[in-house]
Structure formats: structure tokens, C-alpha cells
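Tertiary structure, described
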Amino acid sequence: MEGIQTLLSVVREDSTNMKAQLVLGIGGFTSGQYDKALERFQKVVTAEPGNLEAVAFLADTYAASGNKAEAVKW
């Protein structure tokens, strides 16, 4: 939990830190907080369209949340 708090403080200071956004998105996905994870993965994919890790997690998160159409799209 301490690591997440550190990342959140990084994002509060610099919301364009895509590495921190990605790691927070992965944490949201892992903990089942799909809405938060989707929001973070969307930020990363928008800023870095070639980030295949973020794209894959975005698709997986849509699938896990039951939105199969968006999962297939990504």
C-alpha cells in the first residue's frame, strides 16, 4: 500500500508521468477497481499510442469488466 501512496503523490505532482499512471492502472486492474484502471490506461494510451503494454491491459480490463466489444476493439 505504501508504494501505491508514493505513486499517487507522483501523479498528483505530475499527471503526465505515464509510467506512474500505468503502474497505478495495473494496481487497479489487479484489485478489481476496473473503472479506475480504465481511466488510467486510457490516459496512457492517449499519450503513448504505441505503448502495447497499456493497450493490452486496457483490452484485458474491458474484458474483465464485461465490455467485450471494447475489449475486442483494443
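The structure under discussion appears in the preceding block.
Residues numbered from 1 in each chain as written. Predicted model: local features only at pLDDT ≥ 70, side-chain atom pairs only at ≥ 80, totals over all residues. Heavy atoms only, no water.

**Looking at the overall build of the protein chain**
Definition in use: Segments assigned H or I by DSSP are reported as helices when at least four residues long, segments assigned E as strands when at least two residues long, and all are numbered from the N terminus. Our radius of gyration looks at C-alpha atoms and nothing else; its globule reference is 2.2 Å times the residue count to the power 0.38. Exposure categories follow from relative accessible area, calculated using a 1.4 Å probe and restricted to protein chains: below 20% of the type maximum is buried, above 50% is exposed, and the middle band is partly exposed. Two residues form a contact once any of their heavy atoms are found within 4.5 Å. Only the protein chains shown count as cover for residues, with accessible areas throughout obtained via the Shrake-Rupley method and a probe of 1.4 Å. When charges are tallied, Lys and Arg are placed among the positive residues and Asp and Glu among the negative ones, while His and the ends of the chain are skipped. Every charge is mapped to an atom, namely NZ of Lys, CZ of Arg, CG of Asp or CD of Glu.
Secondary structure summary: the protein chain contains five helices and zero strands in total. Counting helices and strands in the order they occur from the N terminus, the protein chain gives α-α-α-α-α. A compact globule built from 74 residues should have a C-alpha radius of gyration of about 11 Å, and the protein chain, at 12 Å, falls within 12% of that. Considered along the principal axes of its C-alpha atoms, the protein chain spans approximately 35 × 25 × 15 Å. Looking at the protein chain residue by residue over its 74 residues, the buried ones come to 31%. In the protein chain, 33% of the contacts between residues at least 6 apart in sequence involve partners at least 24 apart. Carbon together with sulfur atoms contributes 56% to the accessible area of the protein chain, which is approximately 4,500 Å² in total. Taking the average location of the 7 positive side-chain charges in the protein chain and that of its 9 negative ones, the two points are 4 Å from each other.

**Notes on the packing of aromatic side chains**
Note the cut-off: Each aromatic pair joins two rings of Phe, Tyr and Trp (for Trp, the six-membered one) with centres within 6.5 Å, and gets the label stacked for planes under 30 degrees apart, edge-to-face for over 60, and tilted for any other angle.
Inspection of every chain in the model, using the stated rule, returns three aromatic pairs. Their ring planes at 75° and their centres at 5.7 Å tell us that F29 and F57 sit as a pair that is edge-to-face. Here F29, found in helix 2 (residues 18-30), pairs with F57, found in helix 4 (residues 52-64); they are 28 residues apart in sequence, far enough to count as distant. Residues F41 and F57 carry aromatic rings whose centres are separated by 5.5 Å and whose planes lie at 20° to one another, so their mutual orientation is stacked. Of this pair, F41 sits in helix 3 (residues 34-47) while F57 sits in helix 4, and the two are 16 residues apart along the sequence. F57 carries the same exposure label as F41, and that label is buried. Ring-pair connections join several aromatic residues into one group, and the members of that group are F29, Y34, F41 and F57.

**Observations concerning helix 4**
Note the threshold: Helix span, as expected, comes to 1.5 Å for every residue beyond the first. Each polar contact in these results corresponds to two N or O atoms within 3.5 Å; when the atoms are within protein, one needs to be able to donate a hydrogen and the other to accept it, and residues that are neighboring in sequence are counted only if both atoms are side-chain atoms.
Between the first and last C-alpha of helix 4 there are 18 Å, a value that for 13 residues agrees with the 18 Å anticipated at 1.5 Å per step. All buried positions along helix 4 are accounted for by A54, V55, F57, L58, A59, T61 and Y62. The N-terminus of helix 4 is capped by N51, whose side-chain oxygen sits 3.2 Å from the backbone nitrogen of E53. Positive phi shows up at G66, right after helix 4, with a value of about 95°.

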